[in-house]
Structure formats: structure tokens, C-alpha cells
Amino acid sequence: MRDRLTIVKTVLWTLVGVLAAVTFVRFTRGLGAVTHLSDAAPWGLWIGFDVMAGVALAAGGFVLAGTVYIFGLERYRPFVRPAILTAFLGYLAVAVGLLYDLGLPWHIWHPVIYWQYHSVLFEVATCVMTYLAVLTLEFAPVVLEHPWFARPLFRKILGGLKRITIGLVIAGIVLSTLHQSSLGSLFLITPYRLHPLWYSPIIYLLFFVSAVALGLMMVVLESVLAAVFLRHELHVKLLSGLGKAAAVVLEEEVVVGK
């Protein structure tokens, strides 16, 4: 067990070293030096991996939070905090990744000041920023419950956050629904650059449904990896329920897509 965990850590630290070298080149010689992108081809594999897939994989946060707090399926509560942590880290990674994606990363704050009402990307940027703030508040109780914060002020903040949990969950569901579907809407403007197999006038709906399924499957994968490498308890029956739910969602997506 320890040997496997050591190997994984070694691989991850190696990737960090490679990323540090790429980061130096990217911010000293520009985005084209490390991606070979241009004005004619501004989107590469990184956009698909970071923004599209990364955001979708983090959808388990609002899916599990809604499952427990809105629909009352308390048996899935053990997965809520790991799912919210994953979503928080996922959206934080997207925010950091955008610093690499943008040609002028020091302008990343512009959507806050310069509102583009007719832009899908503006809606995505607004929802991602707001949802990242919501995720921070949702995950804050985990930090504030630590003995280090056993002071009256922090306890009051903790109590206040717990009282607005339902509101935060609802806000998270709304914001995620908006920007997950909007990411799919970006492809509506590229009908001739997308393969006919993947293009659909309701691609925004398919993107959102796919995100729901991916979020559920990501929670299952995390639980399995935690059991393998960290010896956490594996809730097989509950995980099978999440897997079945993901299968149903994907089946419905196929039906809708037809």
C-alpha cells in the first residue's frame, strides 16, 4: 500500500516539475510558444481538458449537495463533503488554468468591470466566479470545525454558515446549471468546425446532463482511489447506487440526443 502511494506521489511531483518548466516558458515567451495556438486556432486540447472536462468533472459537488439537502437522501451524506471539496479544487484549478489559457492573463478581472451582456463566455465567467465563492462558503465549515478555530467569533461564523446551507446549495445548483449548459452553448456558434456526430442544436442540454453523470462517476472514482491508497472504508452499496444513477442519466441523454 505504501509503495503504491509513493509511486503516485512521485508521478505527481514529476508532473509539478514539468508544469513549472512549462509555466516559465509560457509567461516569458507567450502562449504560442508552449501550445502552438494562433488567432485562427485559439482553442486547443487544454481548453477541452481544463475548462470543459474539468468543470464537468467537478459537477459532483452540486449533484450530491442537492441529493442530500434538497431531496433528503441522507444515506449519501458521507459523500457530500468529499464531493464539495473536489468541486472547490476543480473550480479553483479552472480559475488558475485560465491564467495560462488567456493571451493577456492580467486582464482576467475585466469581466467584473466590463459587462458583455450578449456574450456566453461572460455568463460562464460570472457563474464560475460566483459559484467558486459559494463553494468556498460551503466548504468553510470543514475548516472552521478544526480545534484551531475554537473561538467565539469563528463559532458564530460557523453557526451562520450552517444556517444558510440550504440557500448555498440552491445557489450552487442554479449557478452550475447555468454555466454548465452555457459551456455547451459555445459550440452552437461553430457548426462547421465541429464534427456532425457531436453537433446538435440542444448541445447545451446534453452538456449539462453529461456533467451530472460525470459528477456522480467522479465521486465513485474518488471513493475507490481513497480506499485503495488511503484505506478508507468503501461503501459498495451506496457507490453502486451512484453508479446506477449515472447510468440512468446517460441513458436519458442518449434518448434526448436522438
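No experiment lies behind these values; they were computed from the predicted model shown.

Examining the nonpolar core
The biggest cluster of nonpolar side chains holds 44 residues, and the ones touching the most others in it are Leu64, Phe79, Tyr91 and Leu242. Sorting the residues of this core by element identifies α3 (45-57), α4 (60-70), α5 (80-101), α7 (120-144), α9 (165-185), α10 (203-230) and α11 (236-257) as the ones contributing at least two each. Leu242 has contacts with Leu64, Tyr76, Phe79, Leu216, Val219 and Val220, leaving out every residue within four places of it along the chain.

Focus on the pattern of salt bridges
With the rule as written, the count across this model stands at three salt bridges. Glu74 is paired through a salt bridge with Arg77; the nearest N and O atoms lie 2.6 Å apart. A salt bridge links Lys162 to Glu145, with the shortest nitrogen-to-oxygen separation between them at 3.5 Å. Remark: Glu145 occurs in the loop between α7 and α8 (152-163) and Lys162 occurs in helix α8; sequence separation between them is 17 residues. Overall, Lys162 belongs to the partly exposed group, its relative accessible area being 47%. Relative accessible area serves as the criterion here: at 31%, Glu145 is assigned to the partly exposed category. Taken together, the shared-partner salt bridges connect Arg81, Glu145 and Lys162 into one network.

Re the confidence of the model for the chain
In the predicted model, the chain carries a mean pLDDT of 83, and 95% of its residues have values of at least 70. Put simply, α3 is where the chain has its lowest mean pLDDT, 71, and α8 is where it has its highest, 88.

Topic: the packing of aromatic side chains
For the structure on display, the rule yields six aromatic pairs. Ring centres 6.2 Å apart and planes at 20 degrees place the aromatic pair Phe62 and Phe208 in the stacked group. Placement of Phe62 in helix α4 and of Phe208 in helix α10 is noted, with a sequence separation of 146 residues between them. Per residue, the accessibility class of Phe62 equals that of Phe208, and both read buried.

Things to note about the packing of α7 against α9
Between α7 and α9, whose axes approach to 9 Å, the crossing angle comes to 150 degrees. As summarised for this structure, α7 and α9 are arranged roughly antiparallel, according to the angle between their axes. Along this stretch, α7 crosses α9, giving a crossing that reads as left-handed. Judged by residue contacts, Val120, Glu123, Val124, Cys127, Val128, Thr130, Tyr131, Val134, Leu137 and Glu138 of α7 engage Leu168, Val169, Ala171, Gly172, Leu175, Ser176, Leu178, His179, Ser182, Leu183 and Ser185 from α9.

Calculation criteria
- Residues numbered from 1 in each chain as written.
- Predicted model: local features only at pLDDT ≥ 70, side-chain atom pairs only at ≥ 80, totals over all residues.
- Heavy atoms only, no water.
- Core = buried A, V, L, I, M, F, W, Y, C linked by side-chain atoms within 4.5 Å.
- Buried < 20%, exposed > 50% of the residue type's maximum accessible area, 1.4 Å probe, protein only.
- Helix = DSSP H or I, 4+ residues; strand = E, 2+ residues; numbered from the N terminus.
- Contact = heavy atoms within 4.5 Å.
- Salt bridge = Lys/Arg side-chain N within 4 Å of Asp/Glu carboxyl O.
- pLDDT = per-residue confidence, 0-100.
- Phe/Tyr/Trp six-rings, centres within 6.5 Å; stacked < 30°, edge-to-face > 60°.
- Axes fitted to C-alpha atoms, helices over the stretch in contact; angles between N-to-C directions.
- Parallel < 35°, antiparallel > 145°, perpendicular 65-115°, else oblique.
- Left-handed = near helix turned anticlockwise from the far one by under 90°.

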